[in-house]
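Geometric and topological summary
Residues per chain, in single letters:
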Amino acid sequence: MIYNFLLNIVSKHYLIDENIYLFNILKNCSFSNDFFDNVEKFSNNLINESRKNTNLDNIDNILNVYNLSTKEGIQMMCLAESLLRIPDYLTSNSFIKDKLSFEEWQYYYSSDYWKIIIYNMIIDFVANFFYKKNINNYNLMIFIFRKIIVFFSNYVMKNIGKKFVYSSNENSAIKKSLSDKNIYSFDMLGEAALTYYDAKKFFNQYQKIIYNININYLGLNVNRIPTISIKLSALNPKYSFYNRKRVYRDLIPILKILVIDVKKTNSSLTIDAEECDRMELSLYLFNEVFYTKYCLYWNNFGLVIQAYSKRALPALYWINKIAYHTQTKIPVRLVKGAYWDYEIKNAQFLNLNMYPVYIKKFCTDLSYLFCSMFLLSNNCFNNIKPQFATHNIQTISFVSVLGKDVELEFQKLYGMGDIVYNALKNLKKIICREYAPIGKYKELLPYLVRRLLENGANSSFVNKVLNKNTNMKKILVNSLIIKNYRYNKKIPFSIDLFGGKRNIINFYNLNISSHFYVFFKKLMIFDKKFYIANSFSNKNKRVIVVSPSNKFSVNGFVYHDQCINNSINILKKSFKFWKLVSIDKKVYFIKKFIILLQTNFIELIILCCKEAGKTIPDAVSDIKEAIDFCKYYTNQAYNICKNFQLPNYTGENNIYVIEGKGIISTISPWNFPIAIFCGQTISALITGNVVLTKPAESTSLIAFKIIQLLYKSGVPISVCQLVLGKGSYIGNLISFHKDIYGVIFTGSNNVANIINKNLIMRDNRPIHKLIAETGGLNSMITDSSTLIEQLVIDVIESSFKSCGQRCSALRLLYLHESIYLNTIKILFEILTNFKIGDPLDVETDIGPIITNRNLNNLKKYLKNINNVNKFSNEQIPTNGNFIKPTIIKVNSIKDLKTEQFGPILHVAIYKNEQLNDIIKEINSVEYGLTLGIHSRNESFYKYLANKLNIGNIYINRNTIGAMVGMQPFGGCNLSGTGPKAGGGNYINALINEKTVTINTTAQGGNVELLNE
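The model shown is predicted, which means the values in this text are computed figures rather than measured ones. (Residues numbered from 1 in each chain as written. Predicted model: local features only at pLDDT ≥ 70, side-chain atom pairs only at ≥ 80, totals over all residues. Heavy atoms only, no water.)

Some words on the sheet that holds strand β9 (residues 531-533)
For sheets, the rule is that strands pair by backbone hydrogen bonds, running either parallel or antiparallel. The strand order across the open sheet formed by 3 strands is β9-β11-β10, and the pairing between neighbours is mixed. The strands lining the two open edges of the sheet, one partner per strand, are β9 and β10 (541-547). Each adjacent strand pair in this sheet contributes to an overall mean axis angle of 30°, direction not counted. Docked against the sheet, helix α27 (residues 700-712) engages β9, β10 and β11 (550-560), running at close to 80° with respect to β9. (Pairing = 2+ DSSP bridges. Helix = DSSP H or I, 4+ residues; strand = E, 2+ residues; numbered from the N terminus. Axes fitted to C-alpha atoms, helices over the stretch in contact; angles between N-to-C directions. Contact = heavy atoms within 4.5 Å.)

In structure tokens, the structure reads:
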């Protein structure tokens, strides 16, 4: 393990600039013109040989006509693979109509290009019915159509399955492989395990196929024995770097067992590549097992490296070093990479300043070539057994010419690239191993969709080879001689998502080791810090602040205020001064404040975890959102809060003036102690108001720290006064005070009503302005077309993230009767493995309830629930305000009398005919904050979205984490007054508009006209 320092170098290449990185490598590469000529010659020979026999099967014909870069192609494949999994009749009928009733199908059922007669008849018949609607007997025909489409879908899926999936089970796969001359690498289909039950199932499948290989291939040539590819995330549901202690404990023994079993078969075991966030954990696990006695001098324990990752080449360098050190050869399968689109979106979601993958295709090709050069170099000759997995003729040609004196091993996906590799075997002696997935329909779906997209997309090399109209010279450009090193302009970096006007802060990715260790090293600096908080006008009652996660841990002291008059007087005197400060100066102050938030990021995380009980990821999100609010409102104010000229008659001048209202009081909650506190305060300050800010009593230390940073940025103490104390007491003082011109409040509906009544009761005062964002009985409605695995992930995040203490948290899940049991089973299995405890422990899934009072209220609620309808995790710590996450079965939203602010999810079963009643019930409770819809039926989710009176509707995703400027947040009716936080109208509610009209002729005439 002496080369572990190289893993740190691998990690540091996570976000390296791809242009600079590849250019520096390219400078050290030198090839003669003869080499490039040989590559081009080999490519042309391979293309010509491939095109000699391009007899397309039915699936290829479908992909050629229904190209998956078009809406029609996607709709058809979605219909084919989805309909088989929809269990109820009405949903499947609606789904058929949804996928076939749009005008674009007219092109396909009138085009001469569509030559597959049986498919044409079906699509033509069905599309005419749904689009033209000229059939009278609807019920009979819909039944007939469904039968036709089900038959059609079964036929298509059966053939697609045969083309891309080797076999449905282990036994048939072994029998099939014995009967042909091909060699294989077997892989069990399936996504990452959600539960330990799933992980055990995958482990059993791996053991079963290894056992069958051992029995059936005994005594055969070792080159004929299939190898095994395993996905580590399928063997552990907690597979992430920050959970590595649990993963090491559970997974290393399992890996050793599989290694021992595979050694008995004379086969090879390969760890498959996964998402970029999981790469380093896979390398660390490989390292741990590789250095054991089970792998020493065994040359068949390998890895898959993805060339589209910027860490590919450093990872290969590390593999070569450890192989050299142990004198053990390591098989390495080099692939381009999968799920590239996911990596782009995930990097944007994490606000990374670069992408971990190359964002231009030629850069990926270039990286693959560099990796190939290294693998075929003398440095790796006795250390690595390279396996080149690609369908790209240009890449195949480059590797073939580079390794002209070596018998190369290429690998291809089963069902793809047959024509190319059959031609290659005629030109060069190679080994071609097929990556053969094994699985049934349920496991088939994610793999199938990915293969169809890869095989059918316009940019697919396979697709271009099959199309004889393609001019191959245009795509056979050698990546080594391309001079264009610009970034992909179609893919903005996350910091440019708002056109460069609002750069989003990027932070550490805790799945990357170099980020993880730096972060925790900084975190420890503030771990023992003690805090004291007080306002600057009054000091009175001292209160001890105890961590909600540990009743024996004291965070500091808070001095509560008993009066707000001193602060009000200071603010009144400062309003005129602050109003005259230019918008440019205000923006300057806030920008300095943003910088201070960024530089104090780590300390704020510690405070969030200790005082608010937030987990580390939740604390990071809270601070990032606070910074985003500040930037968003500052940019808005800079454009809005300026005087400008209005149209006027000659001899007259009209000026439009924007001013603050006066004293605005902000009352922020404890569940977002930084984001909402900053959003409320900065929006009021930047618009020219002076602010009396009252944070939640439970998070006073955090508020005090933020106010200190605000003053340090240059904002005068006199224009923003902090008051600390009990909400019920200070809140009444604020809402009754005659000098308060407006209140921005986030909290419960009951408190919002009290504030509103108090403001109204003030005699002879200006009409108040109340911006209130309150809670809601948030629901999610699913139909039977939903992907249950994705639904479960979104429900877990929506209901239990932040311990369910978000106003947007999911409170009620409506499950269609046909998917109820499967969904509940997976949900409960996941909850039983949740870790509840210290928020500063990065492995913690759920932290504490904010106060003991809130905890007792939740316990009282749960105590009154019939145990027959309640499912919960029983393992919770006893040293803090912890409660077990719970699922409760109810009949409808009517059973929810109040919002339970904790990790409690209610579940209701519904039938299709009850859908309109559900809509009426949700609207009748008059809460309207967030709503989720899970369905792959477009007409279904559009119907619900139009009928329900909800502020934020989320479709096929979780219901939390609204992004500033992307998903402006706020409800209607009992869930808030508007305007939406992080939206275009928010700061308009905090300003006064003034028009100044000047008669310029009053002093003797119209000078403008006289000068004409």
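Focus on the nonpolar core
Counting residues in hydrophobic clusters, the biggest one holds 196 residues, and the most contacted among them are F186, I230, F301, W318 and I605. With 11 residues, helix α25 (residues 616-640) is the single largest residue contributor to this core. Not counting residues up to four positions away in its chain, the partners in contact with F301 are V259, L269, I271, F286, V289, F290, C295, I330 and P331. If you look at the next biggest cluster of nonpolar residues, it comprises 54 residues, including L813, I904, A908 and L948. (Core = buried A, V, L, I, M, F, W, Y, C linked by side-chain atoms within 4.5 Å. Buried < 20%, exposed > 50% of the residue type's maximum accessible area, 1.4 Å probe, protein only.)

Section: the packing of helix α28 (residues 727-736) against helix α29 (residues 749-761)
Between α28 and α29, the shortest axis-to-axis distance is 8 Å and the interhelical angle comes to 35°. Here α28 and α29 pass one another in a crossing that is right-handed. Judged by residue contacts, N732, S735 and F736 of α28 engage I754, I755, N758, L759 and M761 from α29. For the contact of α28 with α29, the per-class residue count stands at 5 nonpolar, 3 polar and no charged. (Left-handed = near helix turned anticlockwise from the far one by under 90°. Nonpolar A, V, L, I, M, F, W, Y, C, P; charged D, E, K, R; others polar.)

A look at the packing of α25 against helix α26 (residues 675-686)
Two numbers describe how α25 lies on α26: the axes approach to 8 Å, and their chain directions differ by 15°. On the basis of their axis angle, the class for α25 and α26 is roughly parallel. When you trace α25 past α26, the crossing you get is right-handed. Of the residues in α26, those touching α25 at D622, E625, A626, F629, C630, Y633, T634 and A637 are A675, C678, G679, I682, S683 and I686. (Parallel < 35°, antiparallel > 145°, perpendicular 65-115°, else oblique.)

Things to note about empty space enclosed by the protein
Using the criterion set out here, one finds 8 cavities of 30 Å³ or more in the structure. Taken as a whole, the largest cavity encloses approximately 140 Å³ of empty space. Around the largest cavity, the lining is made up of 14 residues, and of these A273, E274, M279, V304 and Q306 lie nearest the centre. Sorting elements by how many residues they give to the lining of the largest cavity places strand β4 (residues 301-306) first, with 4 residues. For the lining of the largest cavity, the per-class residue count stands at 8 nonpolar, 3 polar and 3 charged. Counted as a void, the second largest cavity has a volume near 70 Å³. Around the second largest cavity sit A612, G613, K614, D618, W670, N671, S802 and Q805, which together line it. Among the residues making up the lining of the second largest cavity, the classes are represented as 2 nonpolar, 4 polar and 2 charged. (1 Å grid on protein atoms, 1.4 Å probe; cavity = no way out; pocket = protein on both sides within 12 Å on 5 of 7 lines; lining within 4 Å. Points joined across faces, edges and corners; volume = space filled by probe spheres on them.)

As for the side chain of N600
With respect to the secondary-structure elements, N600 resides in the loop between α23 (583-599) and α24 (601-611). In contact with N600, not counting residues within four places along its chain, are K705 and L709.

With respect to the sheet that holds strand β12 (residues 644-646)
In spatial order, the strands read β12-β13-β28; together these 3 strands make up an open sheet with antiparallel pairing. The sheet is open, and its two borders are formed by β12 and β28 (991-999), each paired with just one other strand. Between one strand axis and the next, the sheet turns through 35° on average, direction left out of account. Two elements, strand β13 (residues 652-660) and β28, share 9 bridges in a ladder whose sense is antiparallel. Looking across to β28, one finds that N654 is bridged to T997.

Structural notes on helix α32 (residues 852-863)
When the terminal C-alpha atoms of α32 are compared, their 16 Å separation across 12 residues agrees well with the 16 Å that a helix rising 1.5 Å per residue should span. Where α32 is buried, its residues meet β21 (870-872), β22 (886-890) and β23 (904-910). (Expected span 1.5 Å × (residues − 1).)

Re the pattern of salt bridges
All told, the structure shown has 26 salt bridges when counted by the stated rule. The partner of K238 in a salt bridge is D845, and the shortest N-O contact between them spans 2.9 Å. Placement of K238 in the loop between β2 (227-230) and α12 (244-265) and of D845 in the loop between α31 (820-832) and α32 is noted, with a sequence separation of 607 residues between them. In this structure K238 comes out as buried when scored by relative accessible area, which is 12%. Overall, D845 belongs to the partly exposed group, its relative accessible area being 24%. Between E843 and K835 there is a salt bridge; the shortest N-O distance is 3.7 Å. Residue classification places E843 among the buried positions, given a relative accessible area of 9%. Given a relative accessible area of 27%, K835 falls into the partly exposed group. (Salt bridge = Lys/Arg side-chain N within 4 Å of Asp/Glu carboxyl O.)

Describing the pairing of strand β1 (residues 183-188)
Within β1, 6 of the 6 residues are buried, leaving the element largely enclosed by the surrounding structure. Of the two faces of β1, both are covered, the one formed by I183, S185 and D187 as well as the one formed by Y184, F186 and M188. Across 6 bridges, β1 lies against strand β8 (residues 430-438) in parallel orientation. In the strand pairing of β8, D187 is matched with P437. Pairing of β1 with β2, which is carried by 3 bridges, proceeds in the parallel orientation. Note on β2: the bridge partner recorded for D187 is S229. With helix α11 (residues 196-216) bridging β1 and its parallel neighbour β2, the resulting β-α-β unit is right-handed. (Right-handed = clockwise from strand over helix to strand, strands pointing away.)

Re unusual backbone geometry
Residue G978 is joined to P979 through a cis peptide bond whose omega torsion reads -5°. Looking at the element boundaries, P979 is found in the loop between β27 (972-973) and β28. Although it is not a glycine, N266 sits at a positive phi angle of roughly 60°. In this fold, N266 is placed in the loop between α12 and β3 (269-271). Positive phi values are uncommon outside glycine, yet Y339 reaches one of about 60°. By the secondary structure assignment, Y339 is in the loop between β5 (330-335) and α15 (340-349). On the accessibility criterion, Y339 (27% relative accessible area) is partly exposed.

Description of the pairing of strand β18 (residues 769-773)
When you tally the buried positions in β18, you get 4 out of 5 residues, the bulk of the element. Taken together, strand β17 (residues 740-746), α29 and β18 form a β-α-β motif whose crossover is right-handed.

Focus on the confidence of the model for the protein
Low pLDDT means the predicted atomic positions in that stretch should not be read closely. Per-chain confidence: the protein averages 85 in pLDDT, with 82% of residues scoring 70 or above. Note on residues 102-121: pLDDT under 50 across the span, and 41 contacts to partners over four residues away in sequence or across chains. Every residue in residues 130-135 scores below 50 in pLDDT, and together they form 17 contacts with partners more than four places removed in sequence or on other chains. (pLDDT = per-residue confidence, 0-100.)

Considerations on the environment of I706
By the element assignment, I706 lies in helix α27. For I706, a relative accessible area of 1% corresponds to the buried category. For the pair I706 and C678, spaced 28 residues apart in sequence, the C-alpha to C-alpha distance is 8.1 Å. Those residues in contact with I706 that sit more than four places away from it in its chain are F593, L604, P673, I674, F677 and C678.

Focus on the side chain of S975
Residue placement: S975 occurs in the loop between β27 and β28. Note on S975: relative accessible area 0%, which makes it buried. With residues up to four places along the chain from it excluded, the contact list for S975 reads E773, T774, G775, G776, E926, Y927, G928 and L929.

Observations concerning the state of the cysteines
Taken as a whole, this structure holds 0 disulfides when the rule is applied. Among the cysteines around C609, which has no disulfide bond, C608 carries the closest sulfur, lying 6.8 Å off. The exposure class assigned to C609 is buried, which follows from its relative accessible area of 1%. (Disulfide = S-S within 2.5 Å.)

Here we look at the packing of aromatic side chains
By the definition in use, this model includes 28 aromatic pairs. A centroid spacing of 6.4 Å and a plane angle of 70° characterise the contact between F286 and W318, whose relative ring orientation is edge-to-face. Pair noted here: F286 is in helix α13 (residues 279-290) and W318 is in helix α14 (residues 312-326), with a separation of 32 residues, a long-range link. What makes F286 buried here is its relative accessible area of 0%. Centre to centre, the rings of F629 and Y633 are 5.6 Å apart; their planes meet at 10°, and the pair counts as stacked. Of this pair, F629 and Y633 both sit in helix α25, 4 residues apart, which is roughly one turn of the helix. The exposure class of F629 is buried, given its relative accessible area of 6%. One cation-aromatic arrangement involves R542 over F557; the distance from NZ or CZ to the ring centre is 4.1 Å. Of note, K825 hangs over the ring of Y197, and the distance from its end group to the ring centre comes to 4.9 Å. (Phe/Tyr/Trp six-rings, centres within 6.5 Å; stacked < 30°, edge-to-face > 60°. Lys NZ or Arg CZ within 6 Å of the ring centre and 35° of its normal.)

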